[in-house]
Amino acid sequence: MNKPTTWERIALLFAAVFVAMTVGAHDPGNSEVSNDPTGATETFKLNGKTNTQGAFFQSLGTNGRSCSTCHVADQAMSISPPQIQQRFERTRGGDPLFNAVDGANCANAKTSSEAAHSLLLSHGLIRIALAVPANAQFTVTAVHDPYGCALVPDSTGRTILSTYRRPLPSTNLRFLSTMMWDGRESPATSPLNSELSFASNLNADLTQQAKDAVSTHAQGTVVPTSAQLADIINFEMGLATAQVSDRFAGSLDARGALGGARNLVAEEYYPGINDVLGADPHGIALDESSMTLFAAWENGGISTGNEDKDDNDGRGPEGRRAARSDIAAGEVLFNTVPINITAVRGLNDSAALGSPATLKGTCTTCHDAPNVGNHSLPLPLDIGIAHTPLAGLENDPSIEKGLAQLDEPDLPVFLVSGCPIPFSGGQPVSFYTTDLGKGMISGLCRDLNRVKGPILRGLAARAPYFHNGAAATLLQAVNFYNQRFSMNLTEEQKRQLVAFLNSL
């Protein structure tokens, strides 16, 4: 029998998706809807009702944690500070989430101490302990160590650096172009950059990530069985999460709009789709309008009739019309508003782009995957979030102005030395950072501070934002970009962008 071609496999995939959606549409157990600050988020389950006895929900380590400890459906399969604080108060710090191995600021913390868990409680940050690469092209020292464990030796003599990051959602995984903020679970042996190897490599990366999560976060002493690992991956790969309703606009799939998790399931994706650097494997040119969920709500094309399924919820047709108009306008801004991209590692130093001092772009330059919002090929960037707001330690005025818009956590600050900075004429320049990003994995100067952009669907349910939780709200995130990249947004435009992002 001949093997199916790539397009035949894609056709089979979408046929399976259609069947799953058709079956699930009549079974409320396949969909979990939860209220969030701006409406409701939906997690749709292609593989049927959740089996809470499955491996995702089992403690496979020694400290009582499971995958579900940090990946919760009503928080878009991540965790957020309000619910974290409730868990701490309810259990007096006894919930497995607060285990000191990484749920506290340092590993020697007392379980019941709120101060010792301040970063998790305030910004939803988990401590990631990484060894400074033995072959690092740079040297790193701690210049601000508020918790006493920024750089410490382990029992083997390695130097362990503490980095604090948000748990990424364990949903919408079929759109991933790399695993983890720093790409450490997507090694060169199984990259997510080829259409032909994507499915097998994604399975390999997710399997390894599950093993590593059990051994580190759950302090496991036994490797999960093949059956347990397969059960975890099957559960995660069956999840699609997106905002399904807005408290002002109503249903986000009404009147031709394509919001909600069920529509997300049907989105086309392959590595390189709509790539901003021109690497779409099918030779399709970049469409800067990568977000089209609410195109039906543009240009006044919104009926105010009473036939909407939620017309009688007290909002009234005019209020709903205005809210939908704002969401549609925000989507247009996301696709079109000019951004002056400067001093971004991964873009302004890109040989493929000619290393431009200024790159004219839009939000979709970095968020090019259609209706998903991450980058469709691995492209870790340093937009300045990992730089420090401490006085006198940042020499780029635009980054300094951007950071001033955020609710930055009090993180350790490191001095990195010995690397030529692409924006300093190639001369070695020391700089300050709170997160060395991919550089801590590769040891390479070119990877310092660079982290991936996450999938944007389900944003409203999983504040705070950015890898270090520095934006408490989406308005803060928009204000950061506005200052960092000289976008010159009006207050109305900011409001519309926030309305759109909350509807993803």
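In what follows, the structure referred to is the one given above.
In this report, the structure presented in the accompanying data block is examined.

A word on the overall build of the protein chain. Broken down by element type, the protein chain carries 11 helices and 12 strands. Taking 504 residues into account, the globule formula puts the C-alpha radius of gyration at 23 Å, and the protein chain, at 22 Å, falls close to it. For the protein chain, the spread of C-alpha atoms along the three principal axes comes to 65 × 55 × 50 Å. Expressed as a percentage of its 504 residues, the buried residues of the protein chain come to 53%. Look at the contacts in the protein chain between residues 6 or more apart in sequence, and 66% of them connect residues 24 or more apart. As displayed, the protein chain offers around 21,200 Å² of accessible surface, 54% of which is attributable to carbon and sulfur atoms.

So, on to the state of the cysteines. The full count for this structure, using the stated rule, is two disulfides. Between Cys106 and Cys149 runs a disulfide, and the two sulfur atoms are separated by 2.0 Å. When the S-S torsion is -90°, as for the bridge of Cys106 with Cys149, the disulfide is left-handed. With Cys106 in the loop between α2 (81–91) and α3 (118–123) and Cys149 in the loop between β4 (139–144) and β5 (151–153), this residue pair connects regions lying 43 residues apart in the sequence. Taken as a pair, Cys106 and Cys149 share a single burial class, namely buried. Disulfide pairing places Cys419 opposite Cys445 at an S-S distance of 1.9 Å.

This paragraph deals with the environment of Phe56. With respect to the secondary-structure elements, Phe56 resides in the loop between β2 (39–45) and α2. Note on Phe56: relative accessible area 1%, which makes it buried. Leave out the neighbours within four places in its chain, and Phe56 touches Ser66, Cys67, Ser68, His71, Met77, Ser170, Ile232, Phe235 and Glu236.

By secondary structure assignment, the location of Ser80 is in the loop between β2 and α2. Once residues within four sequence positions are removed from consideration, Ser80 is found in contact with Gln75, Arg166, Ala461, Arg462 and Ala463.

On to the sheet that holds strand β12 (residues 431–433), then. The antiparallel open sheet is built from three strands, whose spatial order is β4-β11-β12. Every interior strand has two partners, whereas the edge strands, β4 and β12, have only one. In this sheet, adjacent strand axes meet at a mean angle of 35° when their direction is disregarded. With three bridges connecting them, strand β11 (residues 413–417) and β12 associate as antiparallel partners. Paired with Phe414 across the two strands is Thr433, which belongs to β12.

Look at helix α7 (residues 317–336) against helix α11 (residues 491–502): their axes get within 7 Å of each other, and the N-to-C directions meet at 100°. Classified by the interaxial angle, the pair formed by α7 and α11 is roughly perpendicular. Facing Asp326, Ile327, Ala329, Gly330, Glu331, Leu333 and Phe334 of α7, the residues of α11 in contact are Gln493, Arg495, Gln496, Leu497, Ala499, Phe500 and Leu501. A breakdown of the residues in the contact of α7 with α11 according to their chemical character gives eight nonpolar, three polar and three charged.

Take helix α10 (residues 474–484) next. Along α10, the positions that sit buried rather than exposed are Leu474, Ala477, Val478, Asn479, Phe480, Asn482 and Arg484. Packing partners of the buried residues in α10 comprise β9 (339–342), α8 (397–403) and α11. Remark: Ser486 follows α10 within two positions and exhibits a positive phi of approximately 50°.

All right, on to the sheet that holds strand β6 (residues 159–165) then. Here three strands make up an open sheet; going across it, the order is β3-β6-β5 and the pairing antiparallel. Where the open sheet ends on each side, the last strands, each with one partner, are β3 (126–131) and β5. Taking the axes of each pair of neighbouring strands and ignoring which way they run, one obtains an average angle of 35° across the sheet. Across six bridges, the pairing between β3 and β6 is antiparallel. Looking at β6, one finds that Ala129 is bridged to Ser162.

Attention now moves to the layout of surface pockets. Here the second largest pocket is characterised by a volume of approximately 660 Å³. Considering the residues around the second largest pocket, the lining is formed by 24 residues, among which Ile128, Ala129, Leu130, Ala131 and Thr216 are closest to the centre. Among the secondary structure elements, those contributing two or more residues to the lining of the second largest pocket are β3, α4 (198–216) and α9 (439–442). With five residues, the top contributor of residues to the lining of the second largest pocket is β3. Here the lining of the second largest pocket is built from residues that sort into 14 nonpolar, four polar and six charged.

With five of five residues buried, β11 lies mostly within the body of the structure. Relative to β11, β4 runs antiparallel, the two being bridged by five bridges. Looking across to β11, one finds that Thr139 is bridged to Ser417.

Scoring rules and cut-offs
- Residues numbered from 1 in each chain as written.
- Predicted model: local features only at pLDDT ≥ 70, side-chain atom pairs only at ≥ 80, totals over all residues.
- Heavy atoms only, no water.
- Helix = DSSP H or I, 4+ residues; strand = E, 2+ residues; numbered from the N terminus.
- Rg over C-alpha atoms; globule rule 2.2 N^0.38 Å.
- Buried < 20%, exposed > 50% of the residue type's maximum accessible area, 1.4 Å probe, protein only.
- Contact = heavy atoms within 4.5 Å.
- Areas by Shrake-Rupley, 256 points an atom, 1.4 Å probe, with all protein chains shown as cover.
- Disulfide = S-S within 2.5 Å.
- Pairing = 2+ DSSP bridges.
- Axes fitted to C-alpha atoms, helices over the stretch in contact; angles between N-to-C directions.
- Parallel < 35°, antiparallel > 145°, perpendicular 65-115°, else oblique.
- Nonpolar A, V, L, I, M, F, W, Y, C, P; charged D, E, K, R; others polar.
- 1 Å grid on protein atoms, 1.4 Å probe; cavity = no way out; pocket = protein on both sides within 12 Å on 5 of 7 lines; lining within 4 Å.
- Points joined across faces, edges and corners; volume = space filled by probe spheres on them.

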